[in-house]
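# Observations on the model geometry
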Amino acid sequence: MVNSSWVAVQELERLGLGEAVDLHVCEVPVEYQAVQSLLPSLWKQHQPQLVVHVGVSGLATTVTLEQCGHNRGYRRPDNCSFCPASQCCMESGPDCLHSVLDMNMICKRTNDSGLGVAVSVSKDAGRYLCDYTYYTSLYLGQGHSAFIHVPPLGNPYSSQDLGRALQVIVWEMLEQLDRSEDGFKHHDHCHHHHQH
């Protein structure tokens, strides 16, 4: 079976993010222990501004931006039939970690861009490897992480559709980070920009 998330990421890599963005692509196995060993080394090696994880959801019909990762409730065995004994990511960590990104704003801007791919926001990444990976990355990167769920190929989008969607979404994420960092540089700590 083709994993639409990996196909979409390969399409994004082919499209690129422009010369100003140094894009590194890595496939992470659907295994708890692989996540625990691989993610810290990736964060340390690349010291990225942002890590964007992409996973497939058989339930999804839109491209879904996950706002937060959860620490507890990991009862489903992974591809190696392993399950964390504690059923959590970080035993001393908070129950939920949020991305520094405003996913609702990114969702709105992407849907308004005329992309032709529907984008939505979720606060439950599913308490399996996607959620586990996201929480771990949010923890390691102090919130400078994102998780995007994509539907299976052809349900309804092609790999080209999903690749273009990832390109637009990641551009929006990087732009939002740049804007917020500029705000901090000018000591503009007001949060009224996000009020509706």
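Check the entry above for the structure.
Residues numbered from 1 in each chain as written. Predicted model: local features only at pLDDT ≥ 70, side-chain atom pairs only at ≥ 80, totals over all residues. Heavy atoms only, no water.

Another point: the pattern of salt bridges. Applying the stated criterion to the full structure yields eight salt bridges. For aspartate 95, the salt bridge identified is with arginine 72, shortest N-O distance 3.0 Å. A residue pair is termed long-range when its members are at least 10 positions apart, and aspartate 95 in the loop between β3 (68-70) and β4 (96-98) and arginine 72 in the loop between β3 and β4 qualify at 23 residues. The partner of aspartate 112 in a salt bridge is lysine 108, and the shortest N-O contact between them spans 2.7 Å. Given the relative accessible area of 54%, aspartate 112 is considered exposed. (Salt bridge = Lys/Arg side-chain N within 4 Å of Asp/Glu carboxyl O. Helix = DSSP H or I, 4+ residues; strand = E, 2+ residues; numbered from the N terminus. Buried < 20%, exposed > 50% of the residue type's maximum accessible area, 1.4 Å probe, protein only.)

Ranked by size, the top nonpolar core spans 42 residues in total, and within it Val63, Leu65, Leu101, Met103, Ile148, Ile169 and Met173 carry the most contacts. Elements that contribute at least two residues to this core include exactly α1 (4-15), α2 (32-46), β2 (63-66), α3 (103-111), α4 (129-140), β6 (145-150) and α5 (159-185). Tallying contributions element by element places α5 first for this core, with nine residues. Not counting residues up to four positions away in its chain, the partners in contact with valine 63 are Val117, Ala118, Val119, Ser120, Ile148, His149, Val150, Pro151, Leu162, Ala165 and Ile169. (Core = buried A, V, L, I, M, F, W, Y, C linked by side-chain atoms within 4.5 Å. Contact = heavy atoms within 4.5 Å.)

Before going further, it helps to examine the sheet that holds strand β5 (residues 119-122). If you trace the four strands from one edge of the open sheet to the other, you get β1-β6-β2-β5, paired in mixed fashion. Two strands lie at the open edges of the sheet, namely β1 (51-56) and β5, each paired on one side alone. Averaged over all neighbouring strand pairs, the angle between strand axes comes to 25 degrees, with direction disregarded. Bridge analysis of β2 against β5 gives four bridges, and the strand direction is parallel. Bridged to valine 63 within β5 is valine 119. (Pairing = 2+ DSSP bridges. Axes fitted to C-alpha atoms, helices over the stretch in contact; angles between N-to-C directions.)

Attention now moves to the pairing of β2. Within a regular beta strand, the side chains point alternately toward one face of the sheet and then the other, so they alternate between its two faces. Because side chains alternate across β2, one face comprises the buried residues Val63 and Leu65, and the other comprises Thr64 and Glu66, equally buried. In the sheet, β2 pairs with β6 via three bridges, with the strands oriented antiparallel. Of the residues in β6, the one forming a bridge with threonine 64 is histidine 149.

With that out of the way, let us pick up the state of the cysteines. All chains considered together, the criterion is met by zero disulfides. Distance from the sulfur of cysteine 80, which forms no disulfide, to the nearest cysteine sulfur (cysteine 83) is 12 Å. Unpaired in terms of disulfides, cysteine 107 finds its nearest cysteine sulfur in cysteine 68, a separation of 15 Å. We classify cysteine 107 as buried; its relative accessible area is 10%. (Disulfide = S-S within 2.5 Å.)

So, about the environment of glycine 163. Mapped onto the elements, glycine 163 comes out in helix α5. The exposure class of glycine 163 is buried, given its relative accessible area of 0%. Among all residues touching glycine 163, those that are not within four sequence positions of it are Ala8, Glu11, Leu12 and Leu15.

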